[in-house]
Each structure stands twice: as structure tokens, then as C-alpha cells.
Amino acid sequence: MEKVKAKKQYGQNFLKDTTILDKIIQSMPNNNNYVVEIGPGLGDLTKNLVKYKDLTAYEVDTDLISILKSKFAIQIEEGKLKLIHTDVLVAWEKQETLHDGKYDLIANLPYYIATNIVLRAFEDRNCEHIIVMVQKEVAEKFTAKVTDKDYSSLSIITESMSVDSRILFDVPPESFDPPPKIISSILYIKKDMNKSLDRNFNKFLKACFVQPRKKLSKNLTSVLSKENISELYKELNINDNVRPHEVSSSLYSQMHTRVIHGRNK
Ligand code: SAM
């Protein structure tokens, strides 16, 4: 077995635990979607995925690309695996989607850009399922429910954009080489394919949560006048003392719609 020095700057922690690899494969949805993997690394997950589905894998590290090319020479030749050497976020800037056709994103993500990747996957119209390993705290933010202390802009986006979202299971540091300092979780999201993510809604939510423990009305002063906030609260029957994590995603959508219309008046 090759010994490759993991590069910290690329968030490299290679998943070695075969039980966890099997559990990820078992959580793959039973559908005809294509698969996209981000960060195949040494190819342990890729090897399992390619047994079931054709896939494209995006990897930034030149050294790993050459290892993967020789490891998967047959699958690449047969057209079962497409290997793309690039920073996936740059790829997403150049093209709207990572695959021309419905796909599921299945990956053990580099933690330093995991949140951005999930947000980009929400924007990618062809991505239906997001099944990714992220830091446990990040997974909890995406799946928190209204009034939970972790309920945030990420939870609201997930709630408004998906039909199902949950943490499937946790993964301990010992499952990786080298072991990370944190616990990981497998995050599962099934997107609502009729919805599209509005970046302005994301910006509005960020403003609402800028000081998460303060009153929502205080945070709203960066986007609305005090007078407009009172009107909005009256119209939507919102309590003056409410904190950002106590407001439901549907109420945030209604607020945002009114804020946009108010500006257009
Ligand atoms: N999938 C492998 C596994 O499960 O063992 C490796 C996972 S490791 C946590 C993250 C992988 O993402 C590494 O291979 C790393 O080089 C790659 N990576 C980091 N930043 C990336 C980027 N911007 N675009 C594409 N791949 C990236």
C-alpha cells in the first residue's frame, strides 16, 4: 500500500474504516441518478461507489490525481469514472452544474470548505441528494429545527430547500488516517427539485442572524428602518422580543418577500 503524506491545507483525512465505507454505500438512494464525488483522495470511497454507479470525481491535489489515474485506469478507460483535476469551487464558478443531468453528491468533504460546498450543491439545479461527511457541529447546524440553539441561516436554507434532511450517523476520529481532532457526521439532504436557492435570501438571513442571541428586530435594523420593522412585525404578527432562532423558515420567507416588495415600491 502506498504511503502518502496527508496535506493539511487540503483538509486530507483519509477514511479507512471499511464498516463506515459500507454504511455510506448503504445510504445511497435507490435511483438512476449519476454520482459526483468531491475529493476522492486515495480513492477508498470511489472504489466502492464505482461498483454501483458511474461517477465524476473532482480532486484538487496533483499528487493524488496521478495515484488515482493509475489505481482506476480500467474504470477510466471503460468510461465508468471521470476524474477532473480542479478546485471544485472554481469549477462551480465556471459552470452552473457539476454534471449535465440529475446527480447525487456523495463525498467525504474537506472540512475547510464543507459549508460552502453544501450551499453550492443547493444552488446546483441538477443535484438531488447531498450525502456528505462533515464536521458534526456543521451537520447539526444544517439540520437544526426552529428554537434549537443551533437553528441558523443554514438550517433555514435546508428547511426551505429540501424534503428530507437528517444526520445519518457519526464517525469517530479513529476511522481516518490521519485522525482529525473532531467528530464527523454523515449529513443526508434530499432537495426539493422544484425550489431554487435565492442568494438574496441567504444574505437576508445572514443579516437576521448577525448577532444570534440579540432580538431579531435589532439585527433587522441593518436592512430596514425602525418604522418598516414595526410595520412588518404587525403585518406578520411577530412578537417584539423574538430572537432569530425562534422564527420559522416559512416566516423568514414571508419576511423576505415583504422586504423585497417594500424596496420595489
Ligand atoms: N474521499 C477521500 C476519503 O474518504 O478518504 C478523501 C477525503 S479528504 C477529507 C478531502 C479530499 O478533498 C482530499 O482528497 C483533498 O485533496 C480534496 N480537496 C480539498 N480541497 C478541494 C477542492 N477545493 N476541490 C476538490 N478537492 C478538494
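Reading the values: rules and limits
- Residues numbered from 1 in each chain as written.
- Predicted model: local features only at pLDDT ≥ 70, side-chain atom pairs only at ≥ 80, totals over all residues.
- Heavy atoms only, no water.
- Pairing = 2+ DSSP bridges.
- Helix = DSSP H or I, 4+ residues; strand = E, 2+ residues; numbered from the N terminus.
- Axes fitted to C-alpha atoms, helices over the stretch in contact; angles between N-to-C directions.
- Contact = heavy atoms within 4.5 Å.
- Near = heavy atom within 4 Å.
- Polar contact = N/O pair within 3.5 Å; in protein donor to acceptor, adjacent residues only side chain to side chain.
- Areas by Shrake-Rupley, 256 points an atom, 1.4 Å probe, with all protein chains shown as cover.
- Nonpolar A, V, L, I, M, F, W, Y, C, P; charged D, E, K, R; others polar.
- Salt bridge = Lys/Arg side-chain N within 4 Å of Asp/Glu carboxyl O.
- Buried < 20%, exposed > 50% of the residue type's maximum accessible area, 1.4 Å probe, protein only.
- Phe/Tyr/Trp six-rings, centres within 6.5 Å; stacked < 30°, edge-to-face > 60°.
- Lys NZ or Arg CZ within 6 Å of the ring centre and 35° of its normal.
- Core = buried A, V, L, I, M, F, W, Y, C linked by side-chain atoms within 4.5 Å.
- Left-handed = near helix turned anticlockwise from the far one by under 90°.

What the 7 strands build is an open sheet, ordered β4-β3-β2-β5-β6-β9-β7; its pairing is mixed. If you trace the sheet from one side to the other, it starts and ends with β4 (81-85) and β7 (162-171), each paired once. For this sheet the average axis-to-axis angle between neighbouring strands, irrespective of direction, equals 15°. Note: strand β2 (residues 34-38) against strand β3 (residues 55-59), 4 bridges, orientation parallel. For I38, the partnering residue across the bridge sits in β3 and is Y58. Helix α8 (residues 153-161) rests against β7 and β9 (184-191) of the sheet, and its axis sits at about 125° to β7.

The environment of the ligand is made up of 23 residues, and the closest members are L15, G39, E59, N108 and Y112. For the ligand, a nitrogen atom lies 3.0 Å from a polar atom in the side chain of D87. Surface burial for the ligand is 99%, taken as the share of its 590 Å² of free accessible area covered by protein chains. For the shell around the ligand, a count of residues per class yields 12 nonpolar, 7 polar and 4 charged.

Bringing the pattern of salt bridges into the picture now. Going through the model one piece at a time under the given rule, you end up with 14 salt bridges. For D192, the salt bridge identified is with K195, shortest N-O distance 3.7 Å. Taking relative accessible area as the criterion, K195 reaches 42% and is therefore assigned partly exposed. Close ionic contact of R258 with E235 constitutes a salt bridge, the shortest N to O distance being 2.6 Å. Here E235 lies in helix α11 (residues 226-236) and R258 lies in helix α12 (residues 249-264), a separation of 23 residues in the sequence. Since its relative accessible area comes to 32%, R258 is described here as partly exposed.

On to the side chain of Q12. With respect to the secondary-structure elements, Q12 resides in the segment before β1 (14-15). Overall, the relative accessible area of 8% leaves Q12 in the buried class. Here K7 takes part through its backbone nitrogen, which lies 2.8 Å from a polar atom of the side chain of Q12. One polar contact links Q12 to D61, side chain to side chain, over a distance of 2.8 Å. In contact with Q12, not counting residues within four places along its chain, are K5, A6, K7, D61, L64 and P178.

Moving on, we come to unusual backbone geometry. Most of the time, phi is negative for any residue but glycine, and the peptide bond is trans. Cis geometry is adopted by the peptide bond preceding P178, which originates at D177 and carries an omega value of -10°. By the secondary structure assignment, P178 is in the loop between β8 (176-177) and β9. One non-glycine residue, T147, lies in positive phi territory at about 80°. When you line up the elements, T147 lands in the loop between α7 (136-143) and α8.

Summed over all chains, the structure comprises 1 aromatic pair. A ring pair is formed by F209 and Y252, whose centres lie 5.8 Å apart and whose planes are at 40°; its orientation type is tilted. With F209 in the loop between α9 (199-208) and α10 (216-220) and Y252 in helix α12, this pair connects stretches of sequence that are 43 residues apart. When its relative accessible area of 0% is taken as the criterion, Y252 is described as buried. Above the ring of Y188, the side-chain terminus of R166 is found at 4.7 Å from the ring centroid.

Burial of α8 is extensive: 8 of the 9 residues sit out of reach of the surface. The complete set of buried residues in α8 reads S153, L154, S155, I156, I157, T158, S160 and M161.

Here the focus is the nonpolar core. Membership of the largest hydrophobic core comes to 55 residues, with the highest contact counts inside it found for L105, F122 and Y252. For this core, the leading source of residues is helix α6 (residues 114-123), giving 6 residues. In this structure, F122 is in contact with I130, F142, I157, T158, M161, I189, K191 and L197, ignoring residues within four places of it in sequence.

Below, the discussion takes up the packing of helix α1 (residues 18-26) against helix α2 (residues 44-52). Axis separation between α1 and α2 bottoms out at 10 Å; the angle between their running directions is 35°. Two packed elements cross with a definite hand, and for α1 against α2 that hand is right-handed. Contact with α1, carried on its side by L21, D22, I24 and I25, involves D44, L45, N48, L49 and Y52 of α2 and no other residues of that element. By residue class, the composition of the contact of α1 with α2 is 6 nonpolar, 1 polar and 2 charged.

Remember, this is a structural readout, not a statement about activity or role.
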